[in-house]
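Structural features, examined
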Amino acid sequence: MSSQKSSGNSQSYQTTSSGVNQEGNHYCSRDYGTEAPNQNSYHYSNNDGSYYYSNPNGSTYHETADKQATYKSSEGESHRWQK
């Protein structure tokens, strides 16, 4: 595991796992510690251009290969749009 600080973000995290699966899709799991609402956030990006983020603040973001985007806030509000 490695400790890192992302650019433009003051939150420190430990990368708990990352890599590429058998289908060639990238994934990364991060631990932001006990003070983060979502301590074990992660993201993945797929060969088809879709990707998903589960953020440390509890929000999520998903974009499909055909550019349909969905954002869900940590309060549960959901927003969808076409990019």
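The preceding data block contains the structure.
In this text the structure is predicted, and so the values were computed from the model without any measurement. (Residues numbered from 1 in each chain as written. Predicted model: local features only at pLDDT ≥ 70, side-chain atom pairs only at ≥ 80, totals over all residues. Heavy atoms only, no water.)

**Here we look at the packing of aromatic side chains**
Here the structure, examined in full by the defined rule, presents six aromatic pairs. Arranged with centres 5.6 Å apart and planes meeting at 20 degrees, the rings of Tyr 44 and Tyr 52 form a pair that is stacked. For Tyr 52, a relative accessible area of 19% gives the class buried. With 5.9 Å between their ring centres and 85 degrees between their planes, Tyr 51 and Tyr 53 make a pair best called edge-to-face. Judged by relative accessible area, which is 22%, Tyr 51 ranks as partly exposed. Linked through ring pairs, Tyr 51, Tyr 53, Tyr 61 and Trp 81 together constitute an aromatic cluster. Sitting over the ring of Tyr 13, Arg 30 keeps its end group 4.3 Å from the ring centre. (Phe/Tyr/Trp six-rings, centres within 6.5 Å; stacked < 30°, edge-to-face > 60°. Buried < 20%, exposed > 50% of the residue type's maximum accessible area, 1.4 Å probe, protein only. Lys NZ or Arg CZ within 6 Å of the ring centre and 35° of its normal.)

**Let's talk about the pattern of salt bridges**
Under the counting rule described, the total for this entry stands at two salt bridges. Note that Lys 67 and Glu 63 form a salt bridge whose closest N and O atoms lie 3.3 Å from each other. The exposure class assigned to Lys 67 is partly exposed, which follows from its relative accessible area of 36%. Assessed through its relative accessible area of 2%, Glu 63 is described here as buried. (Salt bridge = Lys/Arg side-chain N within 4 Å of Asp/Glu carboxyl O.)

**What to know about the side chain of Ser 41**
When you line up the elements, Ser 41 lands in strand 4 (residues 40–45). Judged by relative accessible area, Ser 41 falls into the buried class, the value being 3%. In this structure, Ser 41 is in contact with Cys 28, Ser 29, Arg 30, Tyr 32, Ser 54, Asn 55 and Pro 56, ignoring residues within four places of it in sequence. (Helix = DSSP H or I, 4+ residues; strand = E, 2+ residues; numbered from the N terminus. Contact = heavy atoms within 4.5 Å.)

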